[in-house]
Amino acid sequence: GLLVVPADVGGRAAFQDLVRSGALRRLWGDVGAPARVPDTPTLRALAVRDLVPQGTVLAGSAAAWVLCGSAAPRTLDVVYPPGRHRPAPLAGRAPRQSHVLRDDRTLVAGVLVTSVVRTALDVATRCEPAEALTTLRRLRDVCGLEPRVATRSLELRHRWSGRPQARRTLALLLAGEDDPV
């Protein structure tokens, strides 16, 4: 298959050796892919599919990683709707409660992921400005994020928590500035 786990290659040590030698590239945790397999949103989504419970949506930096191949996040931001049980604790997964509108999500290889615009808003709100700008530029360049559309979407969300930080970060993206100071 496209994905390789340690059990497929004789254990963790063999997996690590294959990653070190460049024959495999690590996607997420102990999930890798042969170096010759193109790195795509589908491949990245498949790598985390088992960690995103049904009815939840992959969001923030994790969604950006799936959508545009930005830097892999430290944890998977998994959003679950109000009124639903919080997903069970799992290393590498950070559940948080939030509304995600139908238009704010897309399906990638069976994984619900926030849309490009919603992902941009989450990143602009929840990441440090320098990291956010790097990710937002990648969303713009790879996925066609339009910063003005994201800014308008932010302003239409009257209850958006963290609006000032998101507004500042999106303004820097619009201005084309590299320095988030």
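All of these numbers come straight from a predicted model, not from anything done at the bench.

Visitor: What is the right way to read the overall build of the chain from this model?
Guide: From N to C terminus, the chain includes seven helices and seven strands. Its C-alpha atoms put the chain at 50 × 40 × 25 Å along the principal axes. Here the chain holds 181 residues, and 43% of them are scored as buried. Look at the contacts in the chain between residues 6 or more apart in sequence, and 51% of them connect residues 24 or more apart.

Visitor: Explain the packing of helix 6 (residues 147–156) against helix 7 (residues 163–175) here, please?
Guide: Between two packed helices, what matters for the description is the angle formed by their axes and the separation of those axes. Remark: helix 6 packs on helix 7, axes separated minimally by 10 Å, with the N-to-C direction vectors making an angle of 165 degrees. Judged by the inter-axis angle, helix 6 sits roughly antiparallel to helix 7. As helix 6 runs across helix 7, the sense of the crossing is left-handed. Contacts between helix 6 and helix 7 pair Pro147, Arg148, Ala150, Thr151, Leu154 and Glu155 from the former with Arg163, Ala166, Arg167, Leu170, Leu173 and Leu174 from the latter.

Visitor: What is the right way to read the side chain of Ser115 from this model?
Guide: Along the chain, the position of Ser115 falls in the loop between strand 7 (111–114) and helix 4 (116–126). In terms of polar contacts, Ser115 uses its side chain to reach the backbone amide nitrogen of Arg118, at 3.2 Å.

Visitor: Mind showing me how you'd approach the nonpolar core here?
Guide: A general trend in soluble globular proteins is that nonpolar side chains are found buried together. Core analysis: the biggest nonpolar cluster contains 40 residues, and Leu58, Val113, Leu136, Leu139 and Leu170 have the highest contact counts within it. Sorting elements by how many residues they give to this core places helix 3 (residues 60–68) first, with seven residues.

Visitor: When you look at the pattern of salt bridges in this model, what are you seeing that I'm missing?
Guide: Side chains bearing opposite charge may pair, as long as their charged atoms lie close to each other. Evaluation of the coordinates by the stated rule reveals 13 salt bridges. A salt bridge links Arg96 to Asp77; the shortest N-O distance between them is 3.0 Å. Pair noted here: Arg96 is in strand 5 (residues 93–97) and Asp77 is in strand 4 (residues 76–80), with a separation of 19 residues, a long-range link. In this pair, the class of Arg96 matches that of Asp77, namely buried. We note a salt bridge from Asp122 to Arg118, for which the minimum N-O separation is 3.2 Å. Note that Asp122 and Arg118 are positioned in helix 4 at a spacing of four residues, about one turn of the helix. Assigned by exposure class, Asp122 and Arg118 land together as buried.

What counts and how
- Residues numbered from 1 in each chain as written.
- Predicted model: local features only at pLDDT ≥ 70, side-chain atom pairs only at ≥ 80, totals over all residues.
- Heavy atoms only, no water.
- Helix = DSSP H or I, 4+ residues; strand = E, 2+ residues; numbered from the N terminus.
- Buried < 20%, exposed > 50% of the residue type's maximum accessible area, 1.4 Å probe, protein only.
- Contact = heavy atoms within 4.5 Å.
- Axes fitted to C-alpha atoms, helices over the stretch in contact; angles between N-to-C directions.
- Parallel < 35°, antiparallel > 145°, perpendicular 65-115°, else oblique.
- Left-handed = near helix turned anticlockwise from the far one by under 90°.
- Polar contact = N/O pair within 3.5 Å; in protein donor to acceptor, adjacent residues only side chain to side chain.
- Core = buried A, V, L, I, M, F, W, Y, C linked by side-chain atoms within 4.5 Å.
- Salt bridge = Lys/Arg side-chain N within 4 Å of Asp/Glu carboxyl O.

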